Amino acid sequence: GGMVDGTVCFWNPAVVMGEAQGDALVARVERHKGPVRGLEFNPFVNNLVASGATDNEILILDLANPSTPNVYTPGPKKGGDNEVSCVAWNRKVQHILASTGSNGCSVVWDLKQKRPVISFSDQTRKHRCSALAWNPDVATQIIIASDEDSRPVLQIWDLRNALSPMMEMSNHHKGILSCSWCPYDSGLLLTCGKDNRTLCWNPNTGDVLTELPSSANWNFDVQWSPLIPAIFSTCSFDGTVSVSSLVDPATRSVHSGQQVSQQASPPFWLKRRAGCAFGFGGKLVTFGSNSKPDGQPGPAPLKLHKPVSEDPLVAAAERLDAAMNAGQLREFCDEKIAAATSADDRQTWNFLKILFEQDARRHLMNHLGFRADQLPSELAAIQEMDAAAAAAADAAAASASAPPPAMPPPPPAAVEPTPAPEAETPAEGEDAAPAEGDKDVAELFGGDSGGDDFSIGFGAPPAPAAAAQTAVPAASAVAPPVDTTPKVTVPVGVAFAPAAVLDEAIQRALVVGDFEAAVDCCLKFGRMADALLLAACGGQELWSKTQEIYFDHHKQPFIQVVRCIVKNQLGRLVDEANLTQWRETLAILCTYGKSDEFAVLCDALADRLYAAGDLESATLCYICAGNIERSVGIWQSKALGAHGSAMASLQEIMEKICVLLDVCKQDTITEGVAQKFSEYAAVLASQGRLDLAMKYLNRVNAGKICLSGAELRDRVFHCHGDYNCPAEDVPPFPYEKSDVGVAPYRPAPPPGQAEM
């Protein structure tokens, strides 16, 4: 503080407030010969203090060593017997100091040159100056306050033209004692005067923003807080220091209980120094602080940017769009196959590529490993293997049937010959066998009753001939020869009859045109091939019946496949097929499936694979079926885990969807697929590619299927006109308009009267 005896004292606030121990007085300088009126710390160098006294002397105190402070002068004295009333450091240049005094002359000092660089005063009328303050934003502007009651004015000077003040403000009724320019907002200035008024000004316009309530005594000093915006203090002659806030009108001062009036405009520190906002279509608007050439804060400039954060996705979308427009999706599939990083992904793109082939089913069978041109070589290899196995079996049988070494025969025993009984000789003109045969044929046909049921009367096989009971001569008692005739395997439960008898029965049935009876005979005695041959001549009903019996008696896997093919029961084949052999099942569908049922059968096979957890195989079958909805569901569940990036997953899914839609020539899509197109278009729109977004929305009419697509299409249409959409095809508003009207005015009832 500056004393009336010219002493400058420095105290430790922490000790004064009782927050620390020690001597409160830190330093004491006794150099001035008159009362000290001006005192201020350098805002850049904290250990430098400027002081001014009525002896017209200005001192610079260096408190780097408070016990022995150094004292300098900024230069020779100027202004004669001028009494220095105030000193102030420049807020932009640390070595510039200003002072003013009672003779109305203000001086600007340059501490580097140690001399005054400029002095100015109002030439129209001399007046005593009581205070001054630098503009915190403009280094060349300074304000001077007059303490004359006859002319209490504030003059703003620009040192670039110091001939006259650039602005003069007056609202005090008596002399001004102190002024302080807000360091956080150059549009705020505080003054206090002898009229017991404390005013807040806008020095840019000269208007008074607010006025503090009057105190009991004059405020002779007012200062903004150097650390906290909106906080300022006032000091009155009754020894009271009041701390107030300019921001919150409800905040009361700490000591005096004063309340600050609300100002007209918000202070600068409450304004945004910089900001940004994203707009539709990938636009980014930014603003920041700006200064005029004279240093004054100017309007914040607005800048429009179009940042792209997903460059790979935009490039991939452009490549996909170019391939679709040029009809080169097959080549696009080749690129994806070459760039695939996993076997499953490569397999998927191979299937998609096959669908573009002219004979897609044949190429699909070749890809599955079933090539018709390789069958002859495969059959030849099987025949060679069978011939080699047969030769080895014959060699083994020959070695096993070789006779043992000859042994000397035993001496012959005397055997008395026994005369053989005479066989009965049939009468002349009669045959023994035909009589028995006629009887068997009659039994096969059920006698002469004329019945049509040929399946009745099939008895047990006839007994062997009676000649078998004839006595064997003694000479033939040797071991009988081994019968090497291969045995005929007869189905279980099928009667046995001599071939001649059966053939004659079949022939009789054919003579009379009864193919059903002939087929029944063949089936009874296990002659399936003959039954099928005869059934082929007996009409469609007999043929179908015989086929069914054949299939029921043969359970080999390939026979069941033939059954499904012949009976046109491929759906049954799909339902009963082994899922581990789904490729073979799909190949059968490619070979025998009709065009109108192929997609349904592939979809059923895919559903079984999906239920079994084989998602990759199910996806391939869904692709063959053209089921985009289910394919997208599986791709979406797998893509995020494979890529880890939502944008990369979305791009991969959209590429597969677009290729599959193009190859399947589907006119309509489900809501789920439309939702995916809408999501993809929204990402492209956020990257500033409104033209691409509209193309993808229009490609599948996504705006007509899902609400999000309709909203996006409406926004893109009205935001940007450079896209592939006819100008007359204005999209409808996505929401239904409803006129709710305006509620009629109802006057409030009088006090005390209940509302009706």
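Draft legend 1. Expanded view of the overall build of the protein. On a plain count of helices and strands, the protein comes out with 21 helices and 24 strands. A burial count over the protein gives 37% of its 756 residues as buried. Of the contacts formed within the protein by residues at least 6 apart in sequence, a portion of 46% connects residues at least 24 apart. As displayed, the protein offers around 43100 Å² of accessible surface, 55% of which is attributable to carbon and sulfur atoms.

Draft legend 2. How the structure looks around helix α10 (residues 528-535). Buried residues of α10: Met528, Ala531, Leu534 and Ala535, and no others. All buried residues of α10 project into a common sector of 130 degrees when viewed along the axis, lining one side. Opposite its buried face, α10 presents the exposed residues Ala529 and Leu533, each directed more than 90 degrees away.

Draft legend 3. Up close: helix α9 (residues 515-524). Across the 10 residues of α9, 7 count as buried, placing the element largely inside the fold. Just past α9, the residue Gly526 takes up positive phi, approximately 75 degrees.

Draft legend 4. Structural view of the packing of helix α14 (residues 582-592) against helix α15 (residues 595-611). The interhelical angle for the contact between α14 and α15, taken along N-to-C directions, is 170 degrees, at an axis separation of 10 Å. With respect to α15, the axis of α14 lies roughly antiparallel. Contact residues: Trp582, Thr585, Leu586, Leu589 and Cys590 in α14; Phe598, Leu601, Cys602, Leu605 and Leu609 in α15.

Draft legend 5. Local environment of the sheet that holds strand β21 (residues 241-245). Read from one edge to the other, the open sheet built from 3 strands follows the order β19-β20-β21, with strand pairing classed as antiparallel. Edge positions in the sheet fall to β19 (219-224) and β21, since each of these pairs with one other strand and no more. Recorded for the sheet is a direction-independent mean angle of 20 degrees between the axes of neighbouring strands. Sheet analysis places strand β20 (residues 231-236) next to β21, joined by 5 bridges and oriented antiparallel. Across the sheet, Cys235 pairs through a bridge with Val241, a residue of β21.

Draft legend 6. Up close: the pattern of salt bridges. Tallying each qualifying case throughout the model produces 23 salt bridges. Glu655 is the salt-bridge partner of Lys336, the closest N and O atoms lying 2.9 Å from each other. Taken together, the residues span a long stretch of sequence, with Lys336 in helix α3 (residues 329-339) and Glu655 in helix α18 (residues 646-664) at a distance of 319 residues. Lys336 gets classed as partly exposed once you look at its relative accessible area, which sits at 24%. Residue class for Glu655 comes out buried when judged on its relative accessible area of 4%. A salt bridge links Arg630 to Asp607, with the nearest nitrogen and oxygen atoms 3.7 Å apart.

Draft legend 7. Structural view of unusual backbone geometry. Its identity is not glycine, yet Asn56 carries a phi of approximately 65 degrees, on the positive side. Tracing the sequence through the fold places Asn56 in the loop between β4 (48-53) and β5 (58-62). For Asn56, a relative accessible area of 8% gives the class buried. Positive phi outside glycine occurs at Asn196, with the angle close to 60 degrees. Along the chain, Asn196 falls in the loop between β16 (189-193) and β17 (198-202).

Draft legend 8. Representation of the confidence of the model for the protein in the model. The pLDDT averaged across the protein works out to 78; a share of 79% of its residues lies at or above 70. pLDDT under 50 marks residues 412-497. Its contacts with residues more than four places away, or in other chains, come to 37 contacts.

Draft legend 9. A look at the side chain of Arg151. Assignment of secondary structure puts Arg151 in the loop between β12 (141-146) and β13 (154-158). Taking relative accessible area as the criterion, Arg151 reaches 15% and is therefore assigned buried. Each residue touching Arg151, except ones within four places of it in the same chain, is listed here: Asp122, Arg125, His127, Ser146 and Glu168.

Draft legend 10. Representation of the nonpolar core within the structure. In this structure, Leu586, Ile657, Phe677 and Tyr696 are the most contacted members of the largest nonpolar core, which totals 75 residues. Of the residues forming this core, the biggest block, 9 residues, is contributed by α18. Filtering out sequence-adjacent residues up to four positions away, Phe677 remains in contact with Met654, Ile657, Cys658, Leu661, Tyr696, Leu697, Val700 and Ala702. Within the second largest apolar cluster, 15 residues are counted, among which are Leu502, Met528, Ala535 and Leu542.

Draft legend 11. Just the packing of aromatic side chains, in detail. Evaluation of the coordinates by the stated rule reveals 7 aromatic pairs. Seen in terms of ring centroids, Phe332 and Trp349 are 6.0 Å apart; in terms of plane orientation they differ by 75 degrees. Their pairing is edge-to-face. Taken together, the residues span a long stretch of sequence, with Phe332 in helix α3 and Trp349 in helix α4 (residues 343-354) at a distance of 17 residues. Neither Phe332 nor Trp349 differs from the other in exposure class; each is buried. Aromatic pair Tyr680 and Tyr696: ring centres 5.0 Å apart, planes at 85 degrees, arrangement edge-to-face.

Draft legend 12. Representation of the environment of Ile96. By the secondary structure assignment, Ile96 is in strand β8 (residues 96-101). Sequence separation between Ile96 and Asp110 is 14 residues; the distance between their C-alpha atoms is 5.0 Å. Setting aside anything within four residues of it in sequence, one finds Ile96 in contact with Trp89, Asn90, Val108, Trp109, Asp110 and Trp134.

Draft legend 13. Representation of the pairing of β13 in the model. Where burial is concerned, most of β13 is hidden: 5 out of the 5 residues are buried. Side-chain alternation along β13 places Leu154, Ile156 and Asp158 on one buried face and Gln155 and Trp157 on a second face that is also buried. Where β12 and β13 come together, 5 bridges link them in antiparallel fashion. Bridging across to β13, Ile142 finds its partner in Trp157. Pairing between β13 and strand β14 (residues 167-169): 3 bridges, direction antiparallel. Looking at the pairing, Ile156 lines up with Met167 of β14.

So, how was this worked out
- Residues numbered from 1 in each chain as written.
- Predicted model: local features only at pLDDT ≥ 70, side-chain atom pairs only at ≥ 80, totals over all residues.
- Heavy atoms only, no water.
- Helix = DSSP H or I, 4+ residues; strand = E, 2+ residues; numbered from the N terminus.
- Buried < 20%, exposed > 50% of the residue type's maximum accessible area, 1.4 Å probe, protein only.
- Contact = heavy atoms within 4.5 Å.
- Areas by Shrake-Rupley, 256 points an atom, 1.4 Å probe, with all protein chains shown as cover.
- Arc of directions from axis to C-beta.
- Axes fitted to C-alpha atoms, helices over the stretch in contact; angles between N-to-C directions.
- Parallel < 35°, antiparallel > 145°, perpendicular 65-115°, else oblique.
- Pairing = 2+ DSSP bridges.
- Salt bridge = Lys/Arg side-chain N within 4 Å of Asp/Glu carboxyl O.
- pLDDT = per-residue confidence, 0-100.
- Core = buried A, V, L, I, M, F, W, Y, C linked by side-chain atoms within 4.5 Å.
- Phe/Tyr/Trp six-rings, centres within 6.5 Å; stacked < 30°, edge-to-face > 60°.

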